[in-house]
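Tertiary structure, described
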Amino acid sequence: MQATSAVLGFRPHTYWTAAVALSGEVQAPEVLERRRIDFAAGDERSVYHRVETMAAAEAEAWIARVWAKCEADTRLGVGQLIEDIVGAGVSLGVAVVPVGRAKHPDKFEDIIKSHAHMHAAEGDFYRGVVATACANLGLEVRRVVERELAGSVGARLGLDAAAVQLELKSIGARLGPPWTEDQKLAMLAAWSCLADAGGEDDAPT
């Protein structure tokens, strides 16, 4: 008998992430677990907004400390999720953490010149925290642009994005709450990397 395997999908925010464990094949996914993992509190949230008045060296040191703390907390939460899933006889190997499309400068001094850049940098920061935590737990991490997830899943199913949304609505009706945009996007992330009926993984890396 073939062992059950699952993919983890995430939808991070600036202090927590939605996580969905998905098994089955791309044509017939099964939600095994939905979980909220908190990884930041207080001044650890919205990190670039917290440091915009600091000198560059002080800000960079603060950002590094927040990264280390958030990554450790994420690793703890995701590690517990992995332990629970593996304990139920399910194998895990892949985690999918979406990326955003908004661009921002690399240097701190340039990021804080624009609130749009600060928001984009914070999105990348906390998504990166989740991705790094997953990698440090031994998972293969894949990154897919969040706004392209529905199209990516639809292409594998032969459906357009609207039909994929209807599928998500139907799945949510069967599962019950919580089933917000966060759980839907986390599921889409995992769904984009499920194997097809022939056992082949056509997902982007």
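1. Comments concerning the overall build of the protein chain
- Counting its regular elements, the protein chain contains seven helices and five strands.
- Mapped from its N terminus to its C terminus, the protein chain presents α and β elements in the order β-β-β-α-α-β-α-α-β-α-α-α.
- Against the 2.2 N^0.38 benchmark of 17 Å for 205 residues, the protein chain shows a C-alpha radius of gyration of 18 Å, consistent with a compact globule.
- Principal axes of the C-alpha set define a box for the protein chain whose edges measure 60 × 35 × 30 Å.
- Expressed as a percentage of the 205 residues in the protein chain, the buried residues total 44%.

2. Brief notes about unusual backbone geometry
- Cis geometry is adopted by the peptide bond preceding P178, which originates at P177 and carries an omega value of 0°.
- In this fold, P178 is placed in the loop between helix 6 (161-175) and helix 7 (181-191).
- Here the phi dihedral of S46 falls at roughly 50°; this positive angle occurs in a residue that is not glycine.
- Secondary-structure assignment places S46 in the loop between strand 3 (28-38) and helix 1 (47-51).
- Judged by its relative accessible area of 25%, S46 falls in the partly exposed class.

3. Quick word on the sheet that holds strand 4 (residues 90-96)
- Strand order across the open sheet formed by five strands is 3-2-1-4-5, with mixed pairing between neighbours. The sheet is open, and its two edges are formed by strand 3 and strand 5 (140-142), each paired on a single side. Neighbour-to-neighbour, the strand axes of the sheet open up by a mean angle of 30°, direction not taken into account.
- Where strand 1 (residues 4-12) and strand 4 come together, six bridges link them in parallel fashion. Among the inter-strand pairings, V7 is bridged to a residue of strand 4, identified as V94.
- On top of the sheet, helix 4 (residues 115-136) reaches strand 1, strand 2 (16-25), strand 4 and strand 5; it is set at about 155° to strand 1, its chief contact.

4. A short note on the packing of helix 5 (residues 149-157) against helix 7
- Interhelical geometry of helix 5 versus helix 7 gives an angle of 45° and a closest axis separation of 9 Å. Relative to helix 7, helix 5 is oriented oblique. For the pair helix 5 and helix 7, the crossing hand works out as left-handed. On helix 7, the residues touching L149, A150, V153, R156 and L157 of helix 5 are L185, L188, A189 and W191.
- Grouping the constituent residues of the contact of helix 5 with helix 7 by class yields eight nonpolar, no polar and one charged.

5. Notes on the side chain of R127
- Secondary-structure assignment places R127 in helix 4.
- Taking the relative accessible area as the measure of exposure, R127 reaches 16% and is therefore buried.
- Once residues lying within four places of it in the same chain are set aside, the contact partners of R127 are P12, V97, P98, V99, G100 and R143.

Scoring rules and cut-offs
- Residues numbered from 1 in each chain as written.
- Predicted model: local features only at pLDDT ≥ 70, side-chain atom pairs only at ≥ 80, totals over all residues.
- Heavy atoms only, no water.
- Helix = DSSP H or I, 4+ residues; strand = E, 2+ residues; numbered from the N terminus.
- Rg over C-alpha atoms; globule rule 2.2 N^0.38 Å.
- Buried < 20%, exposed > 50% of the residue type's maximum accessible area, 1.4 Å probe, protein only.
- Pairing = 2+ DSSP bridges.
- Axes fitted to C-alpha atoms, helices over the stretch in contact; angles between N-to-C directions.
- Contact = heavy atoms within 4.5 Å.
- Parallel < 35°, antiparallel > 145°, perpendicular 65-115°, else oblique.
- Left-handed = near helix turned anticlockwise from the far one by under 90°.
- Nonpolar A, V, L, I, M, F, W, Y, C, P; charged D, E, K, R; others polar.

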